[in-house]
Amino acid sequence: MHITTDGDVEPCIFAHHAVDNLNLSDVTLREAWNPPYFWQIRYSQPHTNNLYRPCMIIDEPENYWDAVLSHDAFSTDGSSDFLIKNPELEKYSESTKEVLDDFFNKEYPNWLLDKVKQGKGTNEGFDRIWLEGLSDEIRKKYIKKIEE
């Protein structure tokens, strides 16, 4: 979460869309941390398992676009709406995906499976919390599914 000097509560310092402003509404900091807008972003994490592509805006822009549009998030800097459904950003994302996924898959072929076996998440966010809380029985089922 990032709070601007104007009080806008953004999901990230680079994601300039918000649904709450601490200065202009009666929302508490706890409430501003948990709107459906943030939950949608959290549930879509990791946006990719590739550690070289961790950014939802650049690496998986559809996740960002969907969250912003689904929750009527407003631009906090007055110019970030150009990112939404931008074909140039989508083109850039696809081109970096080709290069970075190939590199990641060569460098870390068993990375995901190793993390799951350790009971750790694959990246940041909700998946980490979820995997760390799994019972051994459920984790074994998940590992088996990944190995298949």
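One numbering rule holds for all chains: residues counted from 1, following each sequence as written. For a predicted model such as this one, the threshold for reporting local features is a pLDDT of at least 70, and the threshold for listing and counting side-chain atom pairs is 80 or more; totals across whole chains, interfaces and linings nevertheless cover every residue. With hydrogens and water set aside, each side-chain value is computed from the structure's full complement of heavy atoms.

What follows concerns the overall build of the protein chain. Helix and strand assignments come from DSSP, with helices taken as H or I runs of at least 4 residues and strands as E runs of at least 2, each series counted from the N terminus. Along its length, the protein chain carries seven helices and four strands. Traced from its N-terminal end to its C-terminal end, the protein chain shows the element sequence β-β-β-α-α-α-β-α-α-α-α. Classification of residues uses two cut-offs on accessible area relative to the type maximum, computed with a 1.4 Å probe and protein chains only: under 20% is buried, over 50% is exposed, and between them is partly exposed. Taking all 148 residues of the protein chain together, the buried fraction comes to 39%. Here, residues are in contact when the closest pair of their heavy atoms is within 4.5 Å. When contacts within the protein chain are restricted to residue pairs at least 6 apart in sequence, long-range pairs at least 24 apart make up 54% of them.

Attention shifts here to the packing of aromatic side chains. Side-chain rings of Phe, Tyr and Trp (the six-membered ring for Trp) are treated as a pair once their centres are within 6.5 Å; stacked means planes under 30 degrees apart, edge-to-face means over 60, and tilted covers the remaining angles. Under the counting rule described, the total for this entry stands at four aromatic pairs. An angle of 45° between the planes, with centres 5.7 Å apart, marks the rings of Tyr37 and Phe38 as tilted. Note on accessibility: Tyr37 and Phe38 belong to one class, buried. Relative to Phe103, the ring of Tyr52 lies with its centre 5.3 Å away and its plane at 50°, an arrangement referred to as tilted. One end of the pair, Tyr52, is in the loop between α2 (36–43) and α3 (61–70); the other, Phe103, is in helix α4 (residues 87–107), with 51 residues separating them in the sequence. The class of Tyr52 is partly exposed, set by a relative accessible area of 35%.

Another aspect to go through is the state of the cysteines. Throughout, disulfides are identified as pairs of cysteine sulfur atoms within 2.5 Å of each other. Applying the stated criterion across every chain, the model contains zero disulfides. Of the cysteine sulfurs around Cys12, a residue in no disulfide, the closest is that of Cys55, at 6.3 Å.

Counting residues in each nonpolar core, the largest one holds 17 residues, and the members touching the most others are Tyr37, Met56, Ile57, Tyr64 and Val68. Elements that contribute at least two residues to this core include exactly α2 and α3. It is α3 that contributes the most residues to this core, four residues altogether. Leave out the neighbours within four places in its chain, and Tyr64 touches Ala15, His16, His17, Tyr37, Met56, Ile57, Leu83 and Ile84. Working definition of a nonpolar core: buried Ala, Val, Leu, Ile, Met, Phe, Trp, Tyr and Cys residues. They are joined through side-chain atoms within 4.5 Å.

The next thing to look at is the pattern of salt bridges. Where charged atoms from two side chains of opposite charge approach closely, those side chains can pair. Put simply, a salt bridge is a Lys or Arg side-chain nitrogen that is within 4 Å of an Asp or Glu carboxyl oxygen. Per the counting criterion, the structure on display carries three salt bridges. Its salt-bridge partner being Arg53, residue Glu60 comes within 3.1 Å of it at the nearest N-O pair. You'll find Glu60 and Arg53 in the same group, each marked buried. Counted as one network, the salt bridges with shared partners bring together Arg53, Glu60 and Asp101.

Once that is clear, we can look at the confidence of the model for the protein chain. A residue's pLDDT is simply how confident the predictor is in it, with values from 0 to 100. Averaged over every residue, the pLDDT of the protein chain is 82; the share at 70 or more is 78%. Scored below 50 in pLDDT, residues 124–129 shows 13 contacts in the model against residues more than four places distant or in partner chains.

Quick look at the packing of α3 against α4 now. Where helices are involved, their axes are fitted lines through C-alpha atoms of the stretch in contact, as for all axes, and angles between N-to-C directions lie from 0 to 180°. Direction vectors running N to C along α3 and α4 enclose 145°, while the axes themselves pass 10 Å from each other. Along the contact surface, α3 presents Pro61, Glu62 and Trp65, while α4 presents Leu89, Glu90 and Ser93. All residues other than Ala, Val, Leu, Ile, Met, Phe, Trp, Tyr, Cys, Pro, Asp, Glu, Lys and Arg, Gly among them, are scored as polar; the first ten of these are nonpolar and the last four charged. In the contact of α3 with α4, the residues fall into three nonpolar, one polar and two charged.

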